[in-house]
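Reading the structure
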Amino acid sequence: MTLLFFICLIFVASVLQTSTGFGFSIMAMPLLLLIFPPQEAIQINIILTIFISLFLIGKIRGSLHAPLLKRIIISSVLGAPLGFLLFVTVNIDLFKLGISVVLLLLTVLLITRVSIRPTKNRDYIVGGFSGLFTTSIGMSGPPMLLYFTGGDAEKNRVRSTTIAFSLFINTFSLIAHMSLLGTNRIVWETILYSIPVVLIGIFAGQKLFDWLDQKTFKRILYVILGGTGLYLLIESIVTMI
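Right, let's walk through the structure included here. If you're wondering where the values come from, they're calculated on a predicted model, not measured in any experiment. (Residues numbered from 1 in each chain as written. Predicted model: local features only at pLDDT ≥ 70, side-chain atom pairs only at ≥ 80, totals over all residues. Heavy atoms only, no water.)

Summing up its helical and strand segments, the protein has 10 helices and zero strands in all. Reading the protein from its N terminus to its C terminus gives the helix and strand order α-α-α-α-α-α-α-α-α-α. Expressed as a percentage of the 241 residues in the protein, the buried residues total 52%. The contacts in the protein between residues at least 6 apart in sequence include a share of 86% that link residues at least 24 apart. (Helix = DSSP H or I, 4+ residues; strand = E, 2+ residues; numbered from the N terminus. Buried < 20%, exposed > 50% of the residue type's maximum accessible area, 1.4 Å probe, protein only. Contact = heavy atoms within 4.5 Å.)

The structure is reproduced here in structure tokens:
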């Protein structure tokens, strides 16, 4: 049953990552923590996200927003060390509880059409938080998802920029995690078992992206964001009880 759950999780997360640029870490990370210890779950999540990003990078280069990507990469490098420090020192359940509350509040704001006007300074801020989230809980997506959705960005730009950024920040985070905490055989065996499922998910996700219109695209992002916040909230409360 655990294996079937894992396969379904990886497939759906791969479809969402390919079609939206976000879904894998946002959906997979909380559920991977039900199966693996935090260190293994984060490394599995990061490696599979890198794999998907590498597979797609050639398809999305034409719609990249290079100046925006540069700004969020620069600031993410500054945020990543703080995230790693939180991972090794702070109660992770309390940290996830705080994140869940923020995600739910901001999801409500976005659904009620509160807009976030993109600026260069805000680009740097969202990049910093994305770096922090990646190294602390293995999820780079929530800050960028909030930023792009609130700014009503076009779906091709959102998907391309987040996939390219994901490739960078997850590679950076993986090197940091493996250098400081090491890795183990379970992580790499799990990756090998997952690759065929991920490839099928990439194919299905590409077809879904071609079919999505802008309105449906935003609705899917709302569901991902709100669902993640709700899940993290429930999981954190249950764990702390």
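To continue, consider the packing of aromatic side chains. Taken as a whole and judged by the stated rule, the model has three aromatic pairs. Between phenylalanine 168 and phenylalanine 172, the aromatic rings sit 6.1 Å apart at their centres with planes inclined by 25 degrees, giving stacked as the arrangement. Linking phenylalanine 168 with phenylalanine 172, this pair stays in helix 8 (residues 155-181), spanning four residues, or about one helical turn. Phenylalanine 172 sits in the partly exposed class, given a relative accessible area of 30%. (Phe/Tyr/Trp six-rings, centres within 6.5 Å; stacked < 30°, edge-to-face > 60°.)

Next up on the list: helix 6 (residues 120-137). Over its 18 residues, helix 6 extends 26 Å from the first C-alpha to the last, a length consistent with the 26 Å expected when each residue adds 1.5 Å. Positive backbone phi, at 75 degrees, marks glycine 138, one or two positions downstream of helix 6. (Expected span 1.5 Å × (residues − 1).)

Time to look at a nonpolar patch on the surface. On the surface, a nonpolar cluster with roughly 450 Å² of combined accessible area is contributed by Leu82, Leu85, Val88, Leu180 and Leu181. Elements supplying a minimum of two residues to the nonpolar patch: helix 4 (66-89) and helix 8. If you tally residues by element for the nonpolar patch, the top one is helix 4, at three residues. Relative to the helices and strands, valine 88 resides in helix 4. (Patch = residues over 30% accessible without salt bridge, like charges linked within 9 Å, V, L, I, M, F, W, Y side chains within 5 Å. Areas by Shrake-Rupley, 256 points an atom, 1.4 Å probe, with all protein chains shown as cover. Salt bridge = Lys/Arg side-chain N within 4 Å of Asp/Glu carboxyl O.)

This part takes up the nonpolar core. Ile10, Phe24, Leu32, Ile44 and Leu48 are the most contacted members of the largest nonpolar core, which has 42 residues in total. The element that contributes the greatest number of residues to this core is helix 3 (residues 38-60), accounting for nine residues. Listed in part, the 12 residues of the second largest apolar core include Ile72, Val126, Val158 and Ala164. (Core = buried A, V, L, I, M, F, W, Y, C linked by side-chain atoms within 4.5 Å.)

Glancing now at helix 4. Note on helix geometry: an α-helix contains 3.6 residues per turn, so any two residues three or four positions apart are oriented the same way. Between its first and last C-alpha atoms helix 4 spans 35 Å; for 24 residues at 1.5 Å apiece the expected length is 34 Å, and the two agree. Of all the bends in helix 4, the greatest reaches close to 30 degrees and is centred on valine 77; the proline proline 81 follows between one and four positions later. Of all the residues in helix 4, the buried ones are Leu68, Leu69, Arg71, Ile72, Ser75, Ser76, Gly79, Ala80, Gly83, Phe84, Leu86 and Phe87. (Bend = angle between axes of the 7 residues up to and from the residue.)

Turning our eyes to something else, we now look at the side chain of glutamine 43. Examined against the element boundaries, glutamine 43 turns out to sit in helix 3. Given the relative accessible area of 1%, glutamine 43 is considered buried.

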